[in-house]
Amino acid sequence: MAVTMIEAKPVLSVGAELGEGPVWIERDRALWFVDIKAPRIHRFDPATGAHDSWPAPTHVGWILPASDGGLVVGLSDGLHRFDPATGAFAPLATIEPDLPDNRLNDATVDRAGRIWFGSMDNREAAASGRFYRLAGGMVQDTGIAPTEITNGPAVSPDGTTLYAVDTLARTIDAYEVTADGELARQRRFLTIDPAQGHPDGVSTDAEGGVWVGFYGGWAARRYDASGTLTHEVRFPAANVTKVALGGADGRTAFATTARQGLDAAALAAQPLAGDLFTFPVDISAAPACEARL
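Conventions and cut-offs
Throughout, a residue's number is its position along its own chain's written sequence, starting from 1. Reporting of local features is limited, given that this is a predicted model, to residues whose pLDDT is at least 70; pairs of side-chain atoms are given and counted only at 80 or more, and all residues count toward the totals for whole chains, interfaces and linings. Each side-chain value is worked out from all heavy atoms of the structure, with water and hydrogens disregarded. The way it works is that DSSP assigns letters per residue, a run of H or I at least four long becomes a helix, a run of E at least two long becomes a strand, and they are numbered from the N terminus. Computation of the radius of gyration draws on C-alpha atoms, with the globule rule given as 2.2 Å multiplied by the number of residues to the power 0.38. Any residue under 20% of the maximum accessible area for its type is buried, any over 50% is exposed, and the rest in between are partly exposed; the area is computed with a 1.4 Å probe on protein chains only. A contact between two residues is defined here by any heavy atoms of the two lying within 4.5 Å. Exposure was quantified through the Shrake-Rupley algorithm and a 1.4 Å probe, taking into account, for residues, occlusion by the shown protein chains and nothing else. Here, a salt bridge means any side-chain nitrogen of Lys or Arg that lies within 4 Å of a carboxyl oxygen of Asp or Glu. Paired strands, as defined in this entry, are two strands with at least two bridges between them according to DSSP. Under this scheme, a helix contributes an axis fitted over its contacting stretch, all axes are lines through C-alpha atoms, and angles between N-to-C directions fall in the 0 to 180 degree range.

**Student:** Would you mind going over the overall build of the protein chain in detail, with residue names and values included?
**Tutor:** Helix and strand counts for the protein chain stand at one helix and 25 strands. At 17 Å, the protein chain has a C-alpha radius of gyration in line with the 19 Å of a compact globule built from 293 residues. Oriented by its inertia axes, the alpha-carbon framework of the protein chain measures out at about 45 × 45 × 40 Å. Per-residue burial over the protein chain gives 56% buried out of 293 residues. Excluding contacts between residues fewer than 6 apart, the proportion of contacts in the protein chain whose partners are at least 24 apart in sequence is 47%. Just so you have it, the protein chain exposes about 11,500 Å², and 51% of that area is on carbon and sulfur atoms.

**Student:** Talk me through the pattern of salt bridges; I want residue IDs and the actual numbers.
**Tutor:** As enumerated under the stated definition, the model contains 14 salt bridges in all. A salt bridge links E290 to R27, with the shortest nitrogen-to-oxygen separation between them at 3.0 Å. Within this pair, whereas E290 is found in the segment after β25 (276-280), its partner R27 is found in the loop between β3 (19-25) and β4 (30-35), the two being separated by 263 residues in sequence. Take E290: its relative accessible area is 31%, and that puts it in the partly exposed class. When the shortest N-O distance is used, the salt bridge between R123 and D121 registers 3.0 Å.

**Student:** So, the pairing of strand β8 (residues 71-75): which residues are in play, and what are the values?
**Tutor:** The buried count for β8 comes to five of five residues, which makes it a mostly enclosed element. Burial along β8 is two-sided: L71, V73 and L75 and V72 and G74, pointing in opposite directions, are all buried. Two strands pair when backbone bridges link them, and strand β7 (residues 60-65) and β8 are joined in this way by five bridges, in the antiparallel orientation. Across the sheet, the residue bridging to P65 is L71, located in β8. Taking the residues that link successive antiparallel strands as the turn, the β7-β8 hairpin has five residues, and the phi of G69 there is positive, at about 95 degrees.

**Student:** Tell me about the sheet that holds strand β15 (residues 150-155), residues and numbers included.
**Tutor:** Across the sheet, four strands lie side by side as β15-β16-β17-β18; this open sheet has antiparallel pairing. Sheet topology places β15 and β18 (183-191) at the edges, where each strand pairs with a single neighbour. Neighbouring strand axes in the sheet, compared pairwise and without regard to direction, differ in orientation by 20 degrees on average. With six bridges connecting them, strand β17 (residues 171-177) and β18 associate as antiparallel partners. Looking at the pairing, T171 lines up with T191 of β18.

**Student:** Report on the pairing of β4, specifying residues and quantitative values.
**Tutor:** Most of β4 sits out of view: six of its six residues are buried. Sheet topology note: the β3/β4 ladder contains five bridges and is antiparallel. Residue pairing in the sheet places E20 in a bridge with V34 of β4. Counting the residues in the hairpin turn of β3 and β4 gives four residues, including R29, whose phi is positive at 50 degrees. Where β4 and strand β5 (residues 40-45) come together, five bridges link them in antiparallel fashion.

**Student:** Any chance you could break down unusual backbone geometry for me, citing the residues and the numbers?
**Tutor:** The omega angle of the peptide bond from A38 to P39 is -20 degrees, so this bond is cis rather than trans. With respect to the helices and strands, P39 occurs in the loop between β4 and β5. P153 follows G152 through a cis peptide bond whose omega is 0 degrees. With respect to the helices and strands, P153 occurs in strand β15. The backbone phi angle of E124 is positive, close to 60 degrees, even though this residue is not glycine. Checked against the element boundaries, E124 lands in the loop between β12 (115-121) and β13 (131-135). Even without being glycine, R170 reaches a positive phi, approximately 60 degrees. Mapped onto the fold, R170 is located in the loop between β16 (161-166) and β17.

**Student:** Break down the sheet that holds strand β10 (residues 88-94) for me, citing the residues and quoting the values.
**Tutor:** Spatially, β7-β8-β9-β10 is the arrangement adopted by the four strands of the open sheet, whose pairing is antiparallel. On the outer flanks of this sheet lie β7 and β10, each paired with one strand and no other. When strand polarity is set aside, the average angle formed by the axes of neighbouring strands in this sheet is 30 degrees. Pairing analysis gives five bridges linking β8 to strand β9 (residues 78-83), with the strands arranged antiparallel. In the strand pairing of β9, G74 is matched with L79.

Listed below in structure tokens is the structure:
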């Protein structure tokens with residue numbers, strides 16, 4: 001099968017140190033994302049070009065919509081509600097108080113309203129990162145083995161498969177999600193060639209395809225549910241962190257990038273590093289999900 005080749009185009013200049021966590025929130029008709037290291041939360045309306053941002057009190061890994069109309073974010077110390085009207089954060093759950101060097105990194109919400117999220121060592125050295133699940137107001141360790149840099153997770157649109165990334169090992173594993181939200185039947189979904197960079201954030205589309213951002217790889221790629229490469233998107237920036245699908249018709253992709261780790265020469269050669277990019281897709285976004293807090 002031929003691979004569809006696409007070129008990404010810049011859509012918003014933010015120069016993020018570590019842009020991450022893009023998510024299309026349909027009720028806002030806007031793309032939300034974060035700069036983990038700045039740290040800031042961003043909102044972008046592609047229809048008008050309007051851009052708003054808010055400072056966060058600690059490293060901010062992600063932002064997701066809640067079913068009550070609010071927003072929930074992952075900060076270094078745990079889960080918080082975020083109110084864009086005031087810029088205020090209200091704690092929901094403390095995570096890993098015994099690991100002060102850890103922070104939250106990436107997350108998703110499934111059709112049952114559960115939030116799946118990972119932690120990691122901010123120094124990217126210790127295997128202290130774990131994957132968690134928030135369901136029914138309770139946070140539980142999923143039992144996935146600890147690693148240095150967790151990424152994802154992402155959940156298939158039917159809610160039955162969870163994809164978890166071990167960035168430094170360059171692997172993506174798939175797990176069966178049981179009816180009660182437990183993980184079972186682990187299998188290797190992808191092992192990434194080092195020449196392609198490191199697999200970063202992942203997301204899924206309406207057909208169960210898996211989009212992967214490649215840190216240091218100048219690309220994002222889509223694989224079908226069997227692990228076959230179907231699309232490759234090239235960027236003028238090396239560090240592509242995550243793809244989100246949305247827009248008016250659900251067929252517009254947005255991707256965050258990062259300046260982190262680039263020296264002066266690399267930054268000069270990549271003036272768009274850290275910006276938000278867009279590209280068209282032929283397979284639409286999966287139905288939107290909201291967290292049940």
